[in-house]
Amino acid sequence: MYSKTVMDHFKNPRNVGEIQGADGVGEVGNPICGDMMKITIKVANDSIKDIKFLTFGCGAAIAVSSMVTEMAKGKTLDEAKKISKESVAQALEDLPMNKLHCSNLGADALHMAIKDYENHKAGKVKEQQDTTEGYHCYTEEASGRCPYCDSEMHTGEKACALCGRKIEIKLSM
Amino acid sequence: MNPINLDYISSNPLLPEVKNAMIEAIKKDYGNPSSAHQLGEEAAVEIKNAREKVAKLITASPDEIIFTSCGTESNNHAIKGAAFAKKDKGKHVITSDIEHNSVLKPIRTLRTLGYDTTSVSVDQFGRVKPDDVLKAIRDDTVLISIMHANNEIGTIQPIKEIAQIAREKKITIHCDAVSSVGVVPIDVHDLGIDLLSFAANQFNGPSGVGGLYIRKGTSLWPLLDGGGQENKRRGGTENLIGIIGMGMASEITLKEMDSRIKHLKRIKERLTNGFKENIDDIIFNGHPEYSLPNLISLSIKYIEGESIVLMLDEENIAVATKSACASGSLRASHVLIAIGRDYADAQGTLVITYGRDTTENDIDRFLEVLKKTVDTLRKMSPLYQKK
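The sections below set out a description of the structure shown in this document. Because the structure is predicted, anything quoted here is derived from the model rather than measured.

### With respect to the overall build of chain B
Helices and strands together make up the secondary structure of chain B, namely 15 helices and 13 strands. Whereas a compact globule of 387 residues would reach a radius of gyration of roughly 21 Å, chain B reaches 22 Å, a difference of no more than 12%. C-alpha extents for chain B along the principal axes are approximately 70 × 55 × 35 Å. Considering only contacts within chain B whose residues lie at least 6 apart along the sequence, 73% involve residues at least 24 apart.

Given below as structure tokens:
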């Protein structure tokens, strides 16, 4: 299922951990769809001096986190901002269709960490991160069904029309 | 390292006798069992013999057994066939929250055709209360479908009591026993059900063959209309090689069942103790008593299932997971959610199934590798750090 590069990053992940006193923190995902990533960065001279990740997720999620941190380490913030889900997937020699949302999360976590650093620098308050329960991300395949009762849901709906459970569907691809 | 298979429920290894029987059948070049000449007659005899062996496995009469291609076909046939046969009597169907998709999806199809359905909930162990089924019955209920044992958590349902309720109300009762037949003793008369699904690959038989028990007198439309095979109940040229394999598997399974169950219970105990001793923060799913002897469902907190499966696979150990990522549909297991597991814990759930060939050495090696895997993945997990 997975390419050699993905398996390599999965078996030998680079940059596992959490930077204490980090300059920027990016947390994305949630347990409902099964992937969570936390990226911490240390910035010096507008470059990512150090970067680490923690991930709760499948093989693709771990590989993506490892690859994203490897791609970003040592880069300037501007260069790091250009890292996209496509460039990550490409670097991993492609991901299976239903795992592409994992590469999205990796890029998101990195950008959030950078934004967090920039907000701090500008003296802004830390943005509320969307990692609370009830946030369900879906891809075209999963087509926005309520994870509890399986009835159809639409982007932006705050609660399932059928079972009433609070849930927010956001397009993640 | 020798490969270790702890995902028996996906497919059992074929018994050597089953392999031989099938290879001999392939070499023989049997005719079509429906033909009126000698080539056909020989094939018909083989099917008859296989049918008798399969019937004995569930204490049925041979003419109450039809062969299908798999458990899914048996379930589709039972549900659609029973519902359509009684459509003039009513259009309400009762099932449970934890059925297999091959039961839930046909029922969803019935909904699109104007049927009404009630899904009975389960307790924290996955058990259905017969009383809840009784309460769900309406004047227009025509079918109740409750599985014998759940394929994800192993919980065994009080089918006898539920079937009794169905009989009193004269409602057709179907039981998906795919995970049970060939594993635990099944007596269709004792259970009192009208329809029972099963599949060969759950008891060391080949994939691609299943069966449906149809009690004499049960109204049922065919699923496959066609050439009148299986006494006009299921059209289509029979999978003779597979059926021969299934017959052989049934015969041996019936003979060995008691000794197998003893072995499976020993393995289950070794696994259970091993998990408790080696790994913290785990949850066992399913009923502690009414449960299949060949299945353990274990939720391992703070980590995700597919990554566990991949790491074990690197060490040549095969297990299954019910995480959303692994399911391809990106949704967590409806069974685990129904018994009250929260999403994060559901994602880290392994389903470990084993059989008569599983050894204690296999278990010990698996436990050793699993502990290392869990430690590695937990070090990487933001949820474990938060704890």
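Now that the structure has been shown, we can carry on.
### Remarks on the overall build of chain A
A count of helical and extended segments in chain A gives 5 helices and 5 strands. If you list the helices and strands of chain A from N to C, you get α-β-β-β-α-α-α-α-β-β. Of all 173 residues assigned to chain A, the portion counted as buried reaches 47%.

### Regarding the interface of chain B and chain A
With 26 residues of chain B at the interface, the matching set in chain A holds 25 residues. Mapped onto the side of chain B that touches chain A, the elements with two or more residues apiece are helix 10 (305-314), helix 11 (324-327), helix 13 (343-347) and helix 15 (382-386) of chain B. For the side of chain B that touches chain A, the leading source of residues is helix 10 of chain B, giving 4 residues. Looking at the side of chain B that touches chain A residue by residue, the class counts come to 14 nonpolar, 7 polar and 5 charged.

### Focus: the environment of Thr76(A)
Residue and element names in this part refer to chain A. For Thr76, the position within the fold is in the loop between helix 2 (59-72) and helix 3 (77-81). Between the C-alpha atoms of Thr76 and Glu93, which are 17 residues apart in sequence, the distance is 24 Å. Apart from residues lying up to four places away in sequence, Thr76 is in contact with Asp46 and Ser47.

### Concerning helix 5 (residues 100-121) of chain A
The α-helix advances 3.6 residues per turn, and as a result positions three or four apart in sequence lie on the same side. The first and last C-alpha atoms of helix 5 of chain A sit 32 Å apart over 22 residues, in line with the 32 Å expected at 1.5 Å per residue. Across the 22 residues that make up helix 5 of chain A, a large majority, 16, are buried.

### Details of unusual backbone geometry
Residues and elements named next belong to chain B. Here Glu230, not a glycine, exhibits a phi torsion of approximately 55°, which is positive. By the secondary structure assignment, Glu230 is in helix 8 (residues 229-232). Under the C-beta neighbour-count criterion, Glu230 is labelled buried, with 20 such atoms within 10 Å. The backbone phi angle of Tyr302 is positive, close to 80°, even though this residue is not glycine. Secondary-structure assignment places Tyr302 in the loop between strand 10 (295-300) and helix 10.

### Here we look at the sheet that holds strand 2 (residues 65-68) of chain B
Residues and elements named next belong to chain B. Read across the open sheet, the 7 strands follow the order 2-8-7-6-5-3-4; overall the sheet is mixed. Edge positions in the open sheet fall to strand 2 and strand 4 (116-120), since each of these has one partner strand only. Direction aside, neighbouring strands of the sheet carry axes that sit 20° apart on average. As defined by bridge partners, strand 6 (residues 172-176) adjoins strand 7 (residues 195-199) across 3 bridges and the pair is classed as parallel. Looking across to strand 7, one finds that His174 is bridged to Leu195. Those strands touched by helix 3 (residues 71-85) are strand 2, strand 3 (92-96), strand 5 (141-145), strand 6, strand 7 and strand 8 (210-214), and its axis lies near 165° from that of strand 7.

### Examining the pairing of strand 7 of chain B
Residues and elements named next belong to chain B. Across the 5 residues that make up strand 7, a large majority, 5, are buried. What you see with strand 7 is no split at all: Leu195, Ser197 and Ala199 on one side and Leu196 and Phe198 on the other are buried throughout. Note that strand 7 and strand 8 share 5 bridges and pair antiparallel. The residue bridging Leu196 from the neighbouring strand is Tyr213, located in strand 8.

### Quick notes on the sheet that holds strand 1 (residues 24-30) of chain A
All names here are of chain A. If you trace the 3 strands from one edge of the open sheet to the other, you get 1-2-3, paired in antiparallel fashion. Each having just a single partner strand, strand 1 and strand 3 (47-56) make up the two edges of the open sheet. Adjacent strand axes in the sheet meet at a mean angle of 15° when their direction is disregarded. Where strand 1 lies against strand 2 (residues 35-44), 7 bridges are found, and the strand directions are antiparallel. The residue of strand 2 that forms the bridge with Gly24 is Ile41.

### A short note on the pairing of strand 3 of chain A
All names here are of chain A. Burial analysis of strand 3 places 7 of its 10 residues in the buried class, which makes it a mostly covered element. With 9 bridges connecting them, strand 2 and strand 3 associate as antiparallel partners. Across the sheet, residue Val43 finds its bridge partner in strand 3, namely Ile48. The turn linking strand 2 back onto strand 3 is made up of 2 residues, and Asn45 within it adopts a positive phi angle of 50°.

### Focus on the packing of helix 1 (residues 4-11) of chain A against helix 2 of chain A
Residues and elements named next belong to chain A. Packing of helix 1 against helix 2 leaves a shortest axis separation of 8 Å and a crossing angle of 85°. Taken together, the axes of helix 1 and helix 2 are roughly perpendicular relative to one another. Contact with helix 1, carried on its side by Val6, His9 and Phe10, involves Gly59, Ala60, Ile62, Ala63, Ser66 and Met67 of helix 2 and no other residues of that element. A class-by-class count of the residues in the contact of helix 1 with helix 2 yields 6 nonpolar, 3 polar and no charged.

Calculation notes
- Each chain carries its own residue numbering, running from 1 in the direction its sequence is written.
- Chains and ligands are labelled sequentially in the order written, the chains with letters from A and the ligands with numbers from 1.
- In view of the model being predicted, local features appear only for residues whose pLDDT reaches at least 70, and side-chain atom pairs are presented and counted only at 80 or more, with totals across whole chains, interfaces and linings using the full set of residues.
- Only runs of H or I of at least four residues qualify as helices and only runs of E of at least two qualify as strands under DSSP, and these elements are numbered from the N terminus.
- As defined in this context, the radius of gyration uses C-alpha atoms, and a globule is described by 2.2 Å times the residue total to the power 0.38.
- Each residue is represented by a C-beta atom placed from its backbone, and any two residues with such atoms within 7 Å are regarded as in contact.
- Each residue is classified by how many other C-beta atoms fall within 10 Å of its C-beta atom, where C-beta atoms are placed from the backbone; a count of 20 or more means buried, 12 or fewer means exposed, and values in between mean partly exposed.
- Any residue that is not Ala, Val, Leu, Ile, Met, Phe, Trp, Tyr, Cys, Pro, Asp, Glu, Lys or Arg is counted as polar, Gly included; the first ten are nonpolar and the last four charged.
- Any helix carries an expected span of 1.5 Å times its number of residues minus one.
- When DSSP finds at least two bridges between two strands, those strands are taken to pair.
- Simply put, an axis is a line fit to the C-alpha atoms, just over the touching stretch for a helix, and the angle between two N-to-C directions goes from 0 to 180 degrees.
- Every angle not falling under 35 degrees, over 145, or within 65 to 115 is termed oblique; those three ranges are roughly parallel, roughly antiparallel and roughly perpendicular.

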